[in-house]
Amino acid sequence: MSENFNIAEEYKSILQNLPPSVQLTVVSKTQSAEKIKEIYDQGQRIFGENKVQELVEKYPLLPSDIQWHIIGHLQTNKVKYIAEFIDTIQSVDSEKLLTEIDRQAATYNRKIKVLLQVRIAEEETKFGLEISETKELFQEYLNGKFPNVEITGLMGMATFTEDENQIRQEFSVLQQLFSQLSKLQPLTTLSMGMSDDYKTAIECGSTSVRIGSAIFGRRN
Ligand SMILES: *Cc1c(COP(=O)(O)O)cnc(C)c1O
């Protein structure tokens, strides 16, 4: 990217093109605190990081009213480093992880919001719960098993492909699961869509997009 790539302008143009009902998580992984502050100064408050170490380093350098989201695979033994301040963990991909988040939230006397990450892509490498596991875990939650977390919705990533039909199909699978679970208990957040596929995701019912490179430029 050129030196004068204007991130504030990129941010504003994306924001303008999002339906007002769609929440934007600005994905700030690998970006400096200075760049994050530049977007913060435009009014953005939700930022997403995928590494605990990186988040813990940036957190004290930035305003305290930022709502930090974890969007990447989270190791159970790292929950304790973020439990005090994390707003939402979007990437809950196992019961073990949810159990630990619940436990850590209790020690800080708070509730942590989470999304269940569902594996909708065909790539084996992507993390996420299978659909049947997602239903089971949500049912356990409804039965009161995780009193210190609030499941607010689902998250998913489509296959990295040029084939828009496939992307659409994968997002639709997640949307259907979302509406099914919402009948058991209302959910607010269907997090799907990144820089390259967020428009498709919104057409498929996304209420929350996670955008990094379209604002900051391509990561190294
Ligand atoms: C990196 C990342 C994003 C943002 O990707 P861009 O293509 O840079 O917009 C969104 N979601 C997750 C889970 C990510 O890891």
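Numbers given to residues run from 1 along each chain, matching the order in which its sequence is written. The model is predicted, so local features are restricted to residues of pLDDT at least 70 and side-chain atom pairs to those at 80 or more, both for listing and for counting; the totals for chains, interfaces and linings are taken over all residues. Calculated side-chain values reflect all of the structure's heavy atoms, with hydrogen atoms and water omitted.

1. With respect to the packing of aromatic side chains
Two rings belonging to Phe, Tyr or Trp (six-membered ring only in the last case) form a pair when the distance between their centres is within 6.5 Å. Interplanar angles under 30 degrees mark stacking, angles over 60 mark edge-to-face geometry, and anything in between is tilted. Evaluated as defined, the whole model comprises 3 aromatic pairs. Between the aromatic rings of Phe47 and Trp68, the centroid separation amounts to 6.1 Å while the plane-to-plane angle is 45 degrees, which identifies the pairing as tilted. Here Trp68 lies in strand S3 (residues 67-70) and Phe47 lies in strand S2 (residues 46-49), a separation of 21 residues in the sequence. The residues Phe47 and Trp68 share a single accessibility class, namely buried. Going along the chain from the N terminus, every DSSP run of H or I of four or more residues is numbered as a helix, and every run of E of two or more is numbered as a strand. Each residue gets one of three labels from its accessible area relative to the maximum for its type: buried under 20%, exposed over 50%, partly exposed in between, using a 1.4 Å probe on protein chains only.

2. A short note on the site of the ligand
Taken together, Val27, Lys29, Ile71, Met157, Met194, Ser195, Arg210, Ile211, Gly212, Ser213 and Arg219 make up the full set of residues adjacent to the ligand. In the model, an oxygen atom of the ligand is placed 2.5 Å from a nitrogen or oxygen of the Ser195 side chain. Under the rule applied, a polar contact is a pair of N or O atoms within 3.5 Å (in protein, one hydrogen donor and one hydrogen acceptor; residues adjacent in sequence only if both atoms are side-chain atoms). In this structure, Gly212 approaches the ligand through a main-chain N or O atom, which is 2.9 Å from an oxygen atom. Within the complex, the protein chains bury 91% of what would otherwise be the 380 Å² of accessible surface of the ligand. Distances are taken per atom, and a residue is near a molecule or strand as soon as one of its heavy atoms is within 4 Å of it. With residues, only the protein chains shown are counted as cover, and all accessible areas are computed by Shrake-Rupley using a 1.4 Å probe.

3. Some points on unusual backbone geometry
A positive phi is found at Thr30, a non-glycine position, where the angle reads about 70 degrees. Summarising the element assignment, Thr30 is placed in the loop between strand S1 (23-27) and helix H2 (33-40). Positive phi values are uncommon outside glycine, yet Asn109 reaches one of about 60 degrees. As for its position among the elements, Asn109 is in the loop between helix H4 (95-107) and strand S5 (112-118).

4. A closer look at the side chain of Glu100
Mapped onto the elements of the fold, Glu100 is located in helix H4. Using a relative accessible area of 12% as the deciding quantity, one classes Glu100 as buried. A contact between two residues is defined here by any heavy atoms of the two lying within 4.5 Å. With residues up to four places along the chain from it excluded, the contact list for Glu100 reads Thr76 and Val79.

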